[in-house]
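Reading the structure
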Amino acid sequence: GENVEQHPSTLSVQEGDSAVIKCTYSDSASNYFPWYKQELGKGPQLIIDIRSNVGEKKDQRIAVTLNKTAKHFSLHITETQPEDSAVYFCAASLGSNSGYALNFGKGTSLLVTP
Amino acid sequence: KAGVTQTPRYLIKTRGQQVTLSCSPISGHRSVSWYQQTPGQGLQFLFEYFSETQRNKGNFPGRFSGRQFSNSRSEMNVSTLELGDSALYLCASLEGPGRNSPLHFGNGTRLTVT
């Protein structure tokens, strides 16, 4: 079936460094790609999203890039801080003719050490 | 605005029982989705409701069902519980009408089946 691959599964960086998480998807009809941050005991929180008609989007220290031809999209976090430590999920919209659903990657556990 | 509210936060049930989980979407949001989160399978789509109608359904057995009320509140039911149903069940509401709209999650209901 359609799936989203996410790498790496764990990532450890020092405070101030950059972190990059990469995802690939297989459904050609996917046209919406959100990223979520999940902290312990909480639900996933939307941090940034990108639509298929855009190649890059930035929001302060967070940026997302999309390559539709290669079916790749990536999350970039610059100047990481300890509070960025969490599990990050990428997702791609399922190209269903009806309704709405997201297909999620398996997550990246990011640890930012002071 | 209040976020997506899920009740209860925790549930412990035994095999063979049934369970009902409740979700109140963000005010004004008309679409409600349910996802199951487990360490092994990650986040998996269960179903989506819009205007009291199931609009999309994931690949789960018929023991999993849901409904939406006229005030957009939703419930999901799992009958004949199995040990493998232990998971975090997440409800999410859709911000806009289209498939490119942001999805906002609640903090989930942690179900443990013994």
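An account of the accompanying structure is given in this report. Quick caveat: nothing in here was measured; it's all calculated off a predicted structure.

All names here are of chain B. Strand order in the open sheet formed by 4 strands is β1-β3-β8-β7, and the pairing between neighbours is antiparallel. The sheet terminates laterally at β1 (5-7) and β7 (64-68), the two strands that pair on one side only. For this sheet, the mean inter-axis angle between neighbouring strands, taken without regard to orientation, is 20 degrees. Pairing geometry for β1 and strand β3 (residues 19-24), over 3 bridges, is antiparallel. Bridging across to β3, threonine 5 finds its partner in serine 24.

Below, the discussion takes up the pairing of strand β8 (residues 74-78) of chain B. Residues and elements named next belong to chain B. The buried count for β8 comes to 5 of 5 residues, which makes it a mostly enclosed element. Residue alternation in β8 divides its side chains into two sets, Ser74, Met76 and Val78 and Glu75 and Asn77, and both sets are buried. Of the pairings in the sheet, the one linking β3 to β8 comprises 5 bridges and is antiparallel in character. The residue bridging valine 19 from the neighbouring strand is valine 78, located in β8. Alignment of β7 against β8, held across 5 bridges, turns out to be antiparallel. If you follow serine 65 over to β8, its bridge partner there is asparagine 77. Hairpin connection, β7 to β8: the antiparallel pair is bridged by 5 residues, and serine 72 has positive phi, about 75 degrees.

So, about the interface of chain A and chain B. Facing the 22 residues of chain A at the interface are 25 residues of chain B. Both sides together, the interface formed by chain A and chain B hides about 1900 Å², and carbon and sulfur atoms give 51% of it. Across the contact surface, chain A and chain B share 0 salt bridges. Counting residues per element, the ones that place at least two in the side of chain A that touches chain B are β4 (32-38), β5 (45-51), β9 (86-93) and β10 (102-104) of chain A. The residue inventory of the side of chain A that touches chain B, partitioned by class, reads 9 nonpolar, 9 polar and 4 charged.

The rules behind the values
- Residues numbered from 1 in each chain as written.
- Chains lettered and ligands numbered in written order.
- Predicted model: local features only at pLDDT ≥ 70, side-chain atom pairs only at ≥ 80, totals over all residues.
- Heavy atoms only, no water.
- Pairing = 2+ DSSP bridges.
- Helix = DSSP H or I, 4+ residues; strand = E, 2+ residues; numbered from the N terminus.
- Axes fitted to C-alpha atoms, helices over the stretch in contact; angles between N-to-C directions.
- Buried < 20%, exposed > 50% of the residue type's maximum accessible area, 1.4 Å probe, protein only.
- Contact = heavy atoms within 4.5 Å.
- Buried area = accessible area lost by both parts, 1.4 Å probe.
- Salt bridge = Lys/Arg side-chain N within 4 Å of Asp/Glu carboxyl O.
- Nonpolar A, V, L, I, M, F, W, Y, C, P; charged D, E, K, R; others polar.

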